[in-house]
Amino acid sequence: MCRTTRVPRALCALLVLLAAACGKEGSPPGKGPAAGRLPHYQVARDVRLPASRTWTRAKRRGHFVVGVKEDQPYLGEKDPATGTYSGFDIEIARMMSASLGLAPKTIRFRTIASANRETALQNGQIDYYVGTYTINPNRKKLVGFAGPYYLAGQSLLVRKDENTIHGPDDLAGKRVCSAAGSTPYQRVKADYPKAVLVAYDTYSVCVDNLLTYQVDAVTTDDAILIGYAAKVPSELKLAGRPFSKEPYGIGVPRGDNALRLALDDALAARERNGDWKKAYEATLGLSGVPAPHPPAIDRYPAGRGRTA
Ligand code: GLU
């Protein structure tokens, strides 16, 4: 569409992004999840977890309801034409369902934005959440976390023509976009107060704003930003090095320790049997970053989350 009309380059990139999001004119340049290479997860038989209210409810209704993201390439992305979700977080959600005795194909995925995750878990809207969800002490007061299953780090996404931003110390006076309720947003607010923060519900809206010169940088985890850069590599690049540790956990209702510990066991088993690595390689690994060692799982004792 851009070769035939006189569209400014950044706008053109935005149109390419939008077209991909609409399932029109080609999908992201050969970078979608490799459906054929996705592992098949053996569904565990005879699972019983009566101590978990969440599991008991899901078992009775016949499926899990899982909160995810829908606009994060390689991680959690929804195909608007088919409604199908794909990405590394989606695979984690699927392998967990299989380990807990419910076929992954029965999962109902619900898109939940960063700012609404705790409420969704607290009011029973979802059974568990898998979507670039950093484990931290504040959130542990509100929800439980299995994992971590991946370690990301906060980074910066800028336009290719940006040469003054090399790290968070260069953000003074710059317009920086992030998602409301996210740890990257909170970190910039607390540690880099001279940055002019702009918040939206999702990072994809931030990226649209970056491409149209309304903001100077987008900040969130490197794993997320790599996906946006890969969609329009001629326009976007990551700047500098990661400047935080973002251990991704599976969010569960806070009191449901039985579910949390069962998910910890399930993650450990899927890391041992190679499913974790296969899932990574078919999704996030397409960004060119080889599979890392998964981080050590933190099986914290019941009740610890309140003060930890
Ligand atoms: N991992 C960060 C967080 O949990 C940023 C990504 C996100 O908003 O999902 O806040």
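You'll find the structure just up there.
Throughout, residues of each chain are indexed from 1 in the direction in which the sequence is written. This being a predicted model, a pLDDT of at least 70 is required before a residue's local features are given, and a value of 80 or more before pairs of side-chain atoms are given or counted; all residues contribute to the totals for chains, interfaces and linings. To get the side-chain values, take all heavy atoms of the structure and skip hydrogens and water.

What to know about the packing of helix H3 (residues 88–99) against helix H9 (residues 257–272)
Then, in step 1: Where H3 meets H9, the axes come as close as 10 Å, and the angle between the chain directions of the two elements is 110 degrees. Relative to H9, the element H3 is oriented roughly perpendicular. Counted together, Ile92, Met95, Met96, Ala98 and Ser99 of H3 and Leu263, Ala266, Leu267 and Arg270 of H9 form the full contact between these two elements.
Then, in step 2: Note that Gly is not counted as nonpolar here; it falls among the polar residues with everything else outside the nonpolar set of Ala, Val, Leu, Ile, Met, Phe, Trp, Tyr, Cys and Pro and the charged set of Asp, Glu, Lys and Arg. Residue classes in the contact of H3 with H9 are distributed as 7 nonpolar, 1 polar and 1 charged. Fitted lines through C-alpha atoms give the axes, limited to the stretch in contact for helices. The angle between two N-to-C directions lies from 0 to 180 degrees. What counts as a helix is a DSSP run of H or I of at least four residues, what counts as a strand is a run of E of at least two, and both are numbered from the N terminus. Each angle gets one of four labels, with under 35 degrees taken as roughly parallel, over 145 as roughly antiparallel, 65 to 115 as roughly perpendicular, and the rest as oblique. Note on definitions: a residue-residue contact is assigned when non-hydrogen atoms from the two residues lie within 4.5 Å.

Regarding the sheet that holds strand E12 (residues 236–239)
Then, in step 1: If DSSP finds at least two bridges between two strands, the strands pair. Taken in spatial order, the 5 strands of this open sheet run E10-E9-E11-E8-E12, and their pairing is mixed. A single partner strand is all that each edge strand has here, and the edge strands are strand E10 (196–200) and E12. Put simply, the sheet's adjacent strands are angled 35 degrees from each other on average, direction ignored.
Then, in step 2: Its contacts with the sheet put helix H7 (residues 203–211) on strand E8 (154–159), strand E9 (175–179), E10, strand E11 (217–221) and E12, and the angle it makes with E11 is roughly 155 degrees.

Overview of H3
Then, in step 1: For H3, which comprises 12 residues, the first-to-last C-alpha distance of 17 Å matches the rise-based estimate of 16 Å (1.5 Å per residue) to within 8%.
Then, in step 2: Here's how the labels work: a residue is buried when its accessible area is under 20% of the maximum for its type, exposed when over 50%, partly exposed in between, all with a 1.4 Å probe on protein chains only. H3 sits mainly inside the fold: 11 of its 12 residues count as buried.
Then, in step 3: Following H3 by one or two positions, Gly101 has its phi on the positive side, about 90 degrees. For a helix, the expected span equals 1.5 Å multiplied by the residue count minus one.

Section: the site of the ligand
Then, in step 1: We call a residue near a given molecule or strand whenever any one of its heavy atoms falls within 4 Å of it. Neighbouring the ligand are 17 residues, the closest being Ser114, Thr132, Thr134, Tyr203 and Asp221.
Then, in step 2: For this analysis, a polar contact is any N or O atom pair within 3.5 Å, provided that within protein one partner can donate a hydrogen and the other can accept it, and provided that sequence-adjacent residues contribute only side-chain to side-chain pairs. Thr132 places a polar side-chain atom, nitrogen or oxygen, 2.7 Å from an oxygen atom of the ligand.
Then, in step 3: Arg139 places a side-chain nitrogen or oxygen 2.9 Å from an oxygen atom of the ligand.
Then, in step 4: Under the convention used here, a 1.4 Å probe and the Shrake-Rupley method define accessible areas, while residue burial counts only the protein chains that appear. For the ligand, whose free accessible area comes to 290 Å², the fraction covered by protein is 100%.

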